[in-house]
Every structure is written in C-alpha cells, then in structure tokens.
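Fold and contact review
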Amino acid sequence: MGSRAFITGVSGLELSAAEREFIREERPWGFILFKRNIETPAQVAQLVQELRNAIGSAEAPVLIDQEGGRVQRLGPPHWPVYPPGAVFGALYDLDRAAGLSAARLSARLIAADLLELGITVDCLPLADVPVEGADAVIGNRAYGTEPAKVAAIARAVTEGLEQGGVLPVLKHIPGHGRATADTHFRLPEVDTPRGELERTDFAAFQSLADLPMAMTAHVVFSALDPAHPATTSATIIEQVIRGVIGFQGLLMSDDVSMNALAGSIAERTRDIVAAGCDMVLHCNGKLDEMREVARETPELSGKALERAGRALASRRAPQPLDRLAARAELDALINRAGMAGA
C-alpha cells in the first residue's frame, strides 16, 4: 500500500494511541520533529522508531529543522550548538575557502547528530537572499546578500549533509529574503519587478536546482501572481520553480498551518495540491488538523511519486568522521575570524 502525499508532525515525546492509529490508517509519506518532540537522545531515537513502526516502513523519512543558530531543534545539554548561517558568510568574506570549509564541517557534524537518532532529512540549506528592510525571520540564518555567495555556501552545506548520510531540503524556494513579515503570523507581499527577482532571489536557487527536495515560500510575488503566495500559485510553481529555476526534485510546501495562508486547513491543503506541490507539510501536531490534511491529500502517484522515490534513493551511506577533530577544526576556523560569539 502506498503513501499519501503529506508529511506530519506529532504532539509530544511519544506517540499517543490516536496518533498511532492515524498514522497507520492515513499513511503519511514522512514525519517532522520539533522541540516539543525532543528530550533525550534515547527518547528521540525511540520516537523515530515508533513513527516508522506505525507506518510499517523502516525507510520512512524523518525530517527536522536543524540549521544552527536560533533554528536548532536539538540543543544543549545533549547536543552541541552550531553557528548560524551568517557566520559562514562573514568567514567567506575573509577567506572563501575557510567559509566553505566551515559550512561543510558544521553540516557534516549536524548530520552525524541526526543519523545517530535515525533522522534522515534536514530542512537545510537556505538559499534566501535577504535585503535591507526585510523581516528578521530570515536574518542571520542567511549566508549573505549576494546570490553567488549564498549558492556557494548552500552547496557546501549540502555536501556536508550528504557526506553524513542525511538528505537536504532546499528552502525557501523561490526566495524568502525580501519578505516584510514572518509567515508564521501573516502573509508578506513582495512587489519587486520580475527581472530583479530573477537576477537576485531566483538566481541563488538556480545552481542548486539538482537538490532532491525543496520547500516553498509562503510569499506573494505580485509581479508574478498578485493573488497567491508561491506555495499555492500554479503560475509560480510552473513558470519559476520548475521553469526559471529548473528545480525538478520533490517540492513540499512550507507548513500548511502557518497564518500566512488563508482559509481552513482543508482549503489550504487543496490549494497546495492544486498548485502543483508534490507534498503537503503539516507541523503543529494537532490531530484534528492532521486529519483534515489527510482527507484532502491524494495518494502519492505519478511524477510526485517518481520524485519522492528519486529523493530517497539519492541518500548516501555516511562517510567516516572523527567528530572531535571536525569540531575542533570548525571552532578554529570560526575563532580565527573572531566570530566565536556570532
């Protein structure tokens, strides 16, 4: 039996009986974890195993947002702190090779942390290009303000994850850097002309179009589609994400429960699917909403199924890693540039 085209969160540190039944009956393609799901390494590993047992698949993808900086679901005392993306950008400006090496090392160490727990997908790298006056929701998560630099560091992050046996998710396609609002709370509108978007925002994603998975931006680009954010815009998905950018991997929505999207959860889900997203992402662990998403999500089939299969098949076996040496090297690179506290 196949999967439905959605990824779901769950409510707590272990599965409830109702969640287990929901997963067994509705068959989500994958799962995503948040801080509410995380206590100790043993507990997280057990929850990951519970999720896979409930779906009956040892290969079901389990995702997390583990970027470093302020977006880090795993943290002290059980997991180390990692730098935000801006640190790699600042180091890159001083020494390009050092910046790329630090970004790769950080991602490789993150991958090692995740794989120990059975987590196989990280929602990283970002290719967002922030501009002055934009909302701080991206802020120091970004690698810089020049598309070529952002793309180069994002590629290094991707390489680190892949070397550690973890799949990357490119975000937030086709760009969140100009957003003047946090999409958790409201819908931002960007009125930048298309030519400028293609030169900057979209350009950062183009050289990363070969990545296996990407996550959309809940952002309206009025020059392209004044009525819909990218997540629910067939025009943007077809013409920009699949067209200008050339991304042909598995396309998932950002969280369907964010307040940037309008309508009921069911209506949002239908809009996401109709626009051409392969996968609906639901994060908050509220079972009534999870059921709405499941009711409105189709079986994974056709091109979406092919893309999902290619994504999972692209995951590599992890390469050997001396974690102490790698962490020492990462810290030395950052300290050399005087950015230990960044």
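Residues numbered from 1 in each chain as written. Predicted model: local features only at pLDDT ≥ 70, side-chain atom pairs only at ≥ 80, totals over all residues. Heavy atoms only, no water.

**Here we look at the packing of helix H4 (residues 96-117) against helix H12 (residues 323-336)**
Packing of H4 against H12 brings their axes to within 9 Å, and their N-to-C directions diverge by 145 degrees. Between H4 and H12 the crossing geometry is left-handed. Of the residues in H12, those in contact with Ala98, Ser101, Ala102, Leu105, Ser106, Leu109, Ala112, Asp113 and Glu116 of H4 are Arg323, Ala326, Arg327, Glu329, Leu330, Leu333 and Arg336. Of the residues belonging to the contact of H4 with H12, the class tally is 8 nonpolar, 2 polar and 6 charged. (Axes fitted to C-alpha atoms, helices over the stretch in contact; angles between N-to-C directions. Helix = DSSP H or I, 4+ residues; strand = E, 2+ residues; numbered from the N terminus. Left-handed = near helix turned anticlockwise from the far one by under 90°. Contact = heavy atoms within 4.5 Å. Nonpolar A, V, L, I, M, F, W, Y, C, P; charged D, E, K, R; others polar.)

**Some details on the nonpolar core**
Ile23, Leu33 and Ile119 are the most contacted members of the largest nonpolar core, which totals 91 residues. A total of 11 residues in this core trace back to one element, the largest contributor, which is H4. Not counting chain neighbours up to four residues away, the residues in contact with Ile119 comprise Leu33, Val44, Val48, Val62, Leu63, Ile64, Leu114 and Val166. Listed in part, the 21 residues of the second largest apolar core include Leu63, Leu281, Cys283 and Ala308. (Core = buried A, V, L, I, M, F, W, Y, C linked by side-chain atoms within 4.5 Å. Buried < 20%, exposed > 50% of the residue type's maximum accessible area, 1.4 Å probe, protein only.)

**Some words on the pairing of strand E1 (residues 4-8)**
In terms of burial, E1 is a largely internal element, 5 of the 5 residues being buried. Side-chain alternation along E1 places Arg4, Phe6 and Thr8 on one buried face and Ala5 and Ile7 on a second face that is also buried. Here 3 bridges tie E1 to strand E2 (residues 28-33), and the two strands are oriented parallel to one another. Pairing of Thr8 across the sheet is with Phe31, part of E2. After leaving E1, the chain enters helix H1 (residues 17-26) and then returns to the sheet as E2, a path that is right-handed. The pairing of E1 with strand E13 (residues 279-282) spans 3 bridges and is parallel. Directly across from Phe6, in E13, lies its bridge partner Val280. (Pairing = 2+ DSSP bridges. Right-handed = clockwise from strand over helix to strand, strands pointing away.)

**A few points about the environment of Leu13**
Looking at where Leu13 falls in the secondary structure, it is placed in the loop between E1 and H1. Each C-alpha atom of the pair Leu13 and Thr269 lies 26 Å from the other, and the pair is 256 residues apart in sequence. Residue contacts for Leu13: discarding those within four places in its chain leaves Arg36, Asn37, Ile38, Glu39, Gln43 and Leu47.

**Structural notes on helix H10 (residues 287-296)**
Here H10 has its buried residues at Leu287, Glu289, Met290, Val293 and Ala294. In an axial view of H10, the angular spread of the buried residues amounts to 155 degrees, which keeps them on one side of the axis. Relative to its buried face, H10 has exposed residues pointing more than 90 degrees away, namely Asp288 and Arg295. Where H10 is buried, its residues touch E1, H1, helix H9 (265-275) and E13. (Arc of directions from axis to C-beta.)

**Side note on empty space enclosed by the protein**
Any space left empty among the atoms is revealed by the rolling of a water-sized probe across them. The tally for this structure, following the rule as stated, stands at 1 cavity of 30 Å³ or more. Quantified by volume, the largest cavity comes out at close to 100 Å³. Glu67, Gly85, Phe88, Leu124 and Tyr143 are, among the 16 residues lining the largest cavity, the residues nearest its centre. For the lining of the largest cavity, the secondary-structure elements that each account for two or more residues are strand E4 (66-68), helix H3 (85-94) and H4. Looking at the lining of the largest cavity, its residues break down into 10 nonpolar, 4 polar and 2 charged. (1 Å grid on protein atoms, 1.4 Å probe; cavity = no way out; pocket = protein on both sides within 12 Å on 5 of 7 lines; lining within 4 Å. Points joined across faces, edges and corners; volume = space filled by probe spheres on them.)

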